[in-house]
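Notes for the structure review
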Amino acid sequence: MGSGIEDKIIKQISLFAENKPGRLANVANKLKSAGINIRAFTIAESGDFGIIRMVVDKSDYAHSVLHDAGFTVSETSVLGIEMEDVPGSMSRIAEVFEKAKINLDYAYAFVTRDQKALLIVRVNEIEKAVKTLEEDNIKLIGMKELEKI
């Protein structure tokens, strides 16, 4: 990746797990025991299995903890886009992506303590997305800022 791009990217933890009661509790307890804070997560279900995607404050450590516990886990590069928590903020981001012809693979969001919304997105062209968002004066949150939220 280009210079400086790494500072704009968040490492998301993706976990493949059986779709059974207690699986999320097991994952959450492993992270809790390791002192890792989950900032946001989403679960995509596909029959007997699901994918848990999450943004945590210590992604490399979380990957190690979950891998060592026997989970099938990977890291994915995603973007954290700061938005005002007001109507129209999502529309602005979607229009920027549409204009630049950047495809959104998936997204999820949460509200921060300072009343900003943080949109987590996986896109097909991450470097182009970073450049496009910055040109439109849209703030990206990297891992260092995420750890402080």
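As annotated in an unreviewed UniProt entry, the protein is ACT domain-containing protein from Methanosarcina baikalica.

1. Let's talk about the environment of Asn-103
Among the secondary structure elements, Asn-103 is positioned in the loop between helix H3 (89–100) and strand S5 (104–111). Separated by 21 residues in sequence, Asn-103 and Asn-124 place their C-alpha atoms 5.6 Å apart. Residues contacting Asn-103, with those up to four places away along its chain left out, are Arg-122, Val-123 and Asn-124. Within the structure, the side chain of Asn-103 is placed 3.5 Å from the side chain of Asp-105, a separation counted as a polar contact.

2. With respect to the UniProt feature "domain: ACT" (unreviewed entry) in the protein
Sites flagged by UniProt as "domain: ACT" (unreviewed entry) map to residues 78–149. Here residues 78–149 is 39% helix and 35% strand, with 17 Å between the C-alpha atoms at its ends.

3. Brief notes about the pattern of salt bridges
Under the criterion given, the structure shown has seven salt bridges. One salt bridge in this structure joins Lys-20 and Glu-18, with 3.3 Å as the shortest N-O distance. A relative accessible area of 46% places Lys-20 in the partly exposed class. Lys-131 serves as the salt-bridge partner of Glu-135, at 3.3 Å between the closest nitrogen and oxygen. Of the two residues, Glu-135 and Lys-131 both sit in helix H4 (residues 126–135), four residues apart, roughly one turn of that helix. There is no split in this pair, since Glu-135 and Lys-131 are both exposed. Each of Glu-18, Lys-20 and Arg-23 takes part in salt bridges that share partners, so that together they form one network.

4. Brief notes about the packing of aromatic side chains
By the definition in use, this model includes one aromatic pair. Above the face of the Tyr-106 ring, Arg-53 is positioned so that its terminal group lies 3.9 Å from the ring centre.

5. Overview of unusual backbone geometry
In this structure, Lys-101 is a non-glycine residue whose phi angle is positive, near 60°. Along the chain, Lys-101 turns up in the loop between H3 and S5. Judged by its relative accessible area of 68%, Lys-101 is exposed. Phi at Asn-137 takes a positive value of approximately 55°, unusual for a residue other than glycine.

Rules of the game
- Residues numbered from 1 in each chain as written.
- Predicted model: local features only at pLDDT ≥ 70, side-chain atom pairs only at ≥ 80, totals over all residues.
- Heavy atoms only, no water.
- Helix = DSSP H or I, 4+ residues; strand = E, 2+ residues; numbered from the N terminus.
- Contact = heavy atoms within 4.5 Å.
- Polar contact = N/O pair within 3.5 Å; in protein donor to acceptor, adjacent residues only side chain to side chain.
- UniProt positions renumbered as here; feature names shortened; annotations may be inferred.
- Salt bridge = Lys/Arg side-chain N within 4 Å of Asp/Glu carboxyl O.
- Buried < 20%, exposed > 50% of the residue type's maximum accessible area, 1.4 Å probe, protein only.
- Phe/Tyr/Trp six-rings, centres within 6.5 Å; stacked < 30°, edge-to-face > 60°.
- Lys NZ or Arg CZ within 6 Å of the ring centre and 35° of its normal.

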